[in-house]
Amino acid sequence: MSEKVLMKGNEAIAEAAILAGCRHYFGYPITPQTEIAAYMAKKMPKIGGTFLQAESEIAAINMVYGVSSAGKRVMTSSSSPGVSLKGEGLSYLAGSDLPALIVNVQRGGPGLGGIQPSQSDYFQSTRGGGHGDYHMIVLAPSSVQEMAELTVKGFELADTYRMTSMILADGTMGQMMEPVSLDFDIKPQIEKPWATTGTKMEREHNIVNSLSLVPEELEMLNFKRYERYAEIEKNECMYEEYKCDDADIILVAFGIAARVSKNAVDAARAQGIKAGLIRPITLWPFPKAPFEKAVEHAKAFISVELSMGQMIEDVKLASSCKLPVYLCNRVGGMIPDPEMVFAKIKEIANGGAN
Amino acid sequence: MVVFDKPHALIDVPMHYCPGCTHGIIHRLVAECIDELGIEGKTIGIAPVGCSVMAYNYFNCDMIEAAHGRAPAVATGVKRSDPENNIVFTYQGDGDLASIGMAETVHAAARNENITVIFINNAIYGMTGGQMAPTSLIGQVTQTSPYGRDEKLCGYPIKVCEMLSELEGPEYLERVTVNSVKNIRNAKKAIKKAFQNQIDNKGFSLVEVISSCPTNWGMTPKKALEWIDTNMIPYYPLGVYKDRSANKEAE
Amino acid sequence: MSTKQILLSGFGGQGILFAGKFLAYKGLIEDKQLSWLPSYGPEMRGGTASCSVIISDTPVGSPIVSKPDILIAMNLPSLDRYESAVVKGGIIFADSTLIERKVERDDVEVHYIPATKLASDNELGNLANMIIVGKLLSVLDDFNDESVNAALSKVISAKHADMKDVNLKALTLGAEYKED
């Protein structure tokens, strides 16, 4: 194993992207993800890549659209308000079946909101983000190591399924430093015969397009896209189960909330309460398997979120509402602490759950 | 002997443009330039949202359909994906380039992005049925300025070439029109130069083509071409607004 | 103790994040599990800066230190804000040059170090942070020359390599400081 280095989550994303062969980055300054742009600005010119500070988030996502059309790995990063601006581009990328990696280091909202960590863009990300029927693959890292690994994975999934992957992180994940090993197994990039790289006068022209004015044809395109989505739901769900096997009360959390929840699970176990944690790593597709297993023996779920309760809906869907689902949350940049989550576990263990 | 043929860079399909519209002429000029410069195999065109939204069906080179106004940003990405080898052009109308996409236009020009922009200014939103454009003239009647464009209510039409010429960035800005044989010849010269500049790595080259829209102007095609001379050109004078390399040589 | 939750806090410019980074690198070199989390945003520019560092033998859960085992308070607002958060039996290190009051709790171990004065008396510029960290390491009996040196080499960029000696001097000065 290679030597571990200390890196901020944001830097780990940037370095992993470069290792994954991404040579084009476009961004616009916004806290708390600026380190990604700074890292790219420093590194890209040295390796023959492109870093460009765009005039807006809108321009940045469309530059991504351009590079992706030309068949190359490309990314942009932003934080909540900036991602809203990218919404149009995300929809066009989906409509044109273009791969790209988008990073959202979330902050509190709505509106300009704050700059402290948040998970309140869960709906926006897992339901697509822009107009129309579509999904993005949404990856939720919970450590700096995962920030790096899921970046590589994100590029691979995006290319394989011709769609955008989003890294849905938060201010804490972006700013924290942890030891990271960057010794990944990077797969060779797949061919993209559809890319607009010039016909070389050897083939028919390629067209990258999301316009389809004939309803029957547009319907068919949507059907086809959703067949692909179904395949992703079948093959690409990722999650971690922590002490779930015999658990009565199962926390569900991702990102920073999962880190906090692990502490709470340990605290509960120390007092004899059988607690566990399901940590979805893909938020779309949302992993159903651990919930189908959990409803057989658990008594309740607690969705621990930095939002007013967004993932909780997916928890209810994944468990077919067979168990009560409680919410334990802080918002606006506040983070639930392990004591608060433990208190919720205790409250439910003592009769809250029936 | 062939006296007239369709350029190779133009696909032989019926176009959807209205009778008398000048898009067809300008498409042809672009395609002729691509043919003559021998660049079709490495050219990527970017179509806008607007009347020319389906230009991807007409040009034989690789084509990308961009979101409304974003063509210069998309072109920036494409160009930078392979700057040594590809030729990238956008084909945009006035609403696309000078209203919703003004920021993208100005910044691509300021960066002297090495792309070619063909800007169709017909002073109206054609595709959506004739609404006021950022370049609609004072007093011009449109669906959304039914009493004539009132500068007190909605300001003045934007002179794109003049405005961009104030920037240090762009290499070449010229305004042309296509309402006569002579003007069409001049337009072709300008378009060819705008592509040649990119081949020579000189940077951002924009050709504004004053164009007609008989359907939404409510005129016969012939009257519309005359209206260009009587109404458009007085406000949008033809000519070269910037030619950095030529200026440098002159110095 | 297999997990140390450390909170460092002071004014922006006192090298709070740097001191935290040094501890994190030392943990890395000693093959520990660890996390380092700064406060960020406008409060960093001139206001209070704080930094959570967790060093552990087991994987780190939440990286946020809300109940520190160890508090390094480099100014009065930091002590005021975090004194009550320290766990029972925890340790507080206070820069007594800038904090005139005493710690009010009697269930924690307290070390007062006039770090800012020591730094200026010994021409160590603004290295009060590292003087306190030196004291912390000696109190924990964790001043391992080898890993301290290696951590300094990591945390100080090659461009500023000449700063390594003064940092080591500050750490040593703190470690050897005898309280009254």
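The model shown is predicted, which means the values in this text are computed figures rather than measured ones. (Residues numbered from 1 in each chain as written. Chains lettered and ligands numbered in written order. Predicted model: local features only at pLDDT ≥ 70, side-chain atom pairs only at ≥ 80, totals over all residues.)

### Considering the overall build of chain C
Piece 1. A tally of regular secondary structure across chain C gives six helices and six strands.
Piece 2. Reading chain C from its N end, one meets helices and strands in the order β-α-β-β-β-α-β-β-α-α-α-α.
Piece 3. In terms of overall size, chain C behaves like a compact globule, its C-alpha atoms giving a radius of gyration of 15 Å where 180 residues would be expected to give roughly 16 Å.
Piece 4. With the principal axes as the frame, chain C shows a C-alpha extent of 40 × 40 × 35 Å.
Piece 5. Counting over 180 residues, chain C shows a buried share of 47%. (Helix = DSSP H or I, 4+ residues; strand = E, 2+ residues; numbered from the N terminus. Rg over C-alpha atoms; globule rule 2.2 N^0.38 Å. Buried ≥ 20, exposed ≤ 12 C-beta atoms within 10 Å, placed from the backbone.)

### Quick look at the sheet that holds strand β2 (residues 24-27) of chain A
Sheet strands line up and pair through hydrogen bonds in the backbone, either parallel or antiparallel.
Residues and elements named next belong to chain A.
Piece 1. Reading across the sheet, the seven strands line up as β3-β2-β4-β5-β7-β6-β13 and stay open at both edges, with mixed pairing between neighbours. Since the sheet does not close on itself, it has two edges, and those belong to β3 (50-53) and β13 (282-284), each with one partner. Within the sheet, the average angular offset between the axes of one strand and its neighbour, ignoring direction, is 20°.
Piece 2. In the sheet, strand β4 (residues 74-78) pairs with strand β5 (residues 100-106) via four bridges, with the strands oriented parallel. By the bridge assignment for β5, Ser78 is matched with Asn104.
Piece 3. In the packing of helix α3 (residues 57-69) onto the sheet, contacts are made with β2, β3, β4 and β5, and the angle to β4 comes to roughly 165°. (Pairing = 2+ DSSP bridges. Axes fitted to C-alpha atoms, helices over the stretch in contact; angles between N-to-C directions. Contact = placed C-beta atoms within 7 Å.)

### So, the domain arrangement of chain A
Residue and element names in this part refer to chain A.
Piece 1. Domain boundaries assigned for chain A yield domain 1 (5-191 + 206-235) and domain 2 (239-352).
Piece 2. Using only C-alpha atoms to locate each centre, domain 1 and domain 2 end up separated by 27 Å.
Piece 3. Across the boundary between the two partners, domain 1 contributes 26 residues, which contact 22 residues of domain 2.
Piece 4. Within the residue set of the side of domain 1 that touches domain 2, elements represented by two or more residues are α5 (122-126), β6 (137-139), β7 (164-170), α7 (171-175) and α8 (215-235).
Piece 5. Among the elements that take part in the side of domain 1 that touches domain 2, α5 stands out by supplying four residues, more than any other. (Domains from an automatic or database assignment.)

### Remarks on the arrangement of the chains
Piece 1. For the two pairs of chains in contact, the largest share of contacts goes to chains A and B.
Piece 2. The two partners chain B and chain C share no contact, and the minimum distance between any of their C-alpha atoms is 29 Å.

### Details of the interface of chain C and chain A
Piece 1. Contacts between chain C and chain A engage 15 residues on the former and 19 residues on the latter.
Piece 2. The class makeup of the residues in the side of chain C that touches chain A is ten nonpolar, five polar and no charged. (Nonpolar A, V, L, I, M, F, W, Y, C, P; charged D, E, K, R; others polar.)

### Here's the deal with the nonpolar core
Piece 1. One finds Ile13(A), Ile250(A), Leu251(A), Ile118(B), Ile191(B), Val209(B) and Ile131(C) to be the most contacted residues of the largest nonpolar core, which totals 236 residues.
Piece 2. Residue contributions to this core peak at nine residues, all from helix α6 (residues 144-161) of chain A.
Piece 3. In this structure, this core is formed jointly by two domains, domain 1 (5-191 + 206-235) and domain 2 (239-352) of chain A, each of which donates at least three residues.
Piece 4. Every residue in contact with Ile131(C), bar those within four places of it in the chain, is listed here: Ile113(C), Ala115(C), Leu118(C), Ala119(C), Ala170(C), Leu173(C) and Gly174(C). (Core = buried A, V, L, I, M, F, W, Y, C linked by C-beta atoms within 7 Å.)

### Overview of helix α2 (residues 71-81) of chain B
Piece 1. Along α2(B), eleven of the eleven residues are buried, which leaves the element largely enclosed by surrounding structure.
Piece 2. Burial in α2(B) covers these residues: Ala71(B), Pro72(B), Ala73(B), Val74(B), Ala75(B), Thr76(B), Gly77(B), Val78(B), Lys79(B), Arg80(B) and Ser81(B).

### Remarks on the pairing of β4(A)
Residues and elements named next belong to chain A.
Piece 1. Summarising burial for β4: five of the five residues are buried, a large majority.
Piece 2. Burial of the side chains of β4 extends over both faces: Val74, Thr76 and Ser78 are buried on one face and Met75 and Ser77 on the other.
Piece 3. Direction of pairing for β2 relative to β4: parallel, over a ladder of four bridges. Looking across to β4, one finds that Tyr25 is bridged to Met75.
Piece 4. The handedness of the β4 to β5 crossover, carried by helix α4 (residues 80-95), is right-handed. (Right-handed = clockwise from strand over helix to strand, strands pointing away.)

### Focus on the interface of chain B and chain A
Piece 1. Counting from both sides, the interface comprises 29 residues of chain B and, opposite them, 32 residues of chain A.
Piece 2. When residues of the side of chain B that touches chain A are assigned to their parent elements, the largest contribution, eight residues, is made by α2(B).
Piece 3. In terms of residue class, the side of chain B that touches chain A is built from 13 nonpolar, eight polar and eight charged.
Piece 4. Here strand β9 (residues 207-208) of chain A runs beside strand β2 (residues 62-65) of chain B; their pairing, made up of two bridges, is parallel. Residue pairing for β2(B): Ile207(A) is matched across the bridge by Met63(B).

### Topic: unusual backbone geometry
For residues other than glycine, phi is negative in most cases, and the peptide bonds are mostly trans.
Piece 1. Cis geometry marks the peptide bond from Gly109(A) to Pro110(A); its omega dihedral reads 0°.
Piece 2. When you line up the elements, Pro110(A) lands in the loop between β5 and α5.
Piece 3. The peptide bond linking Trp284(A) to Pro285(A) adopts the cis configuration, its omega dihedral lying at 0°.
Piece 4. Position of Pro285(A) among the secondary structure elements: in the loop between β13 and α10 (289-294).
Piece 5. With phi around 55°, Asp141(C) is a residue other than glycine that occupies positive phi space.

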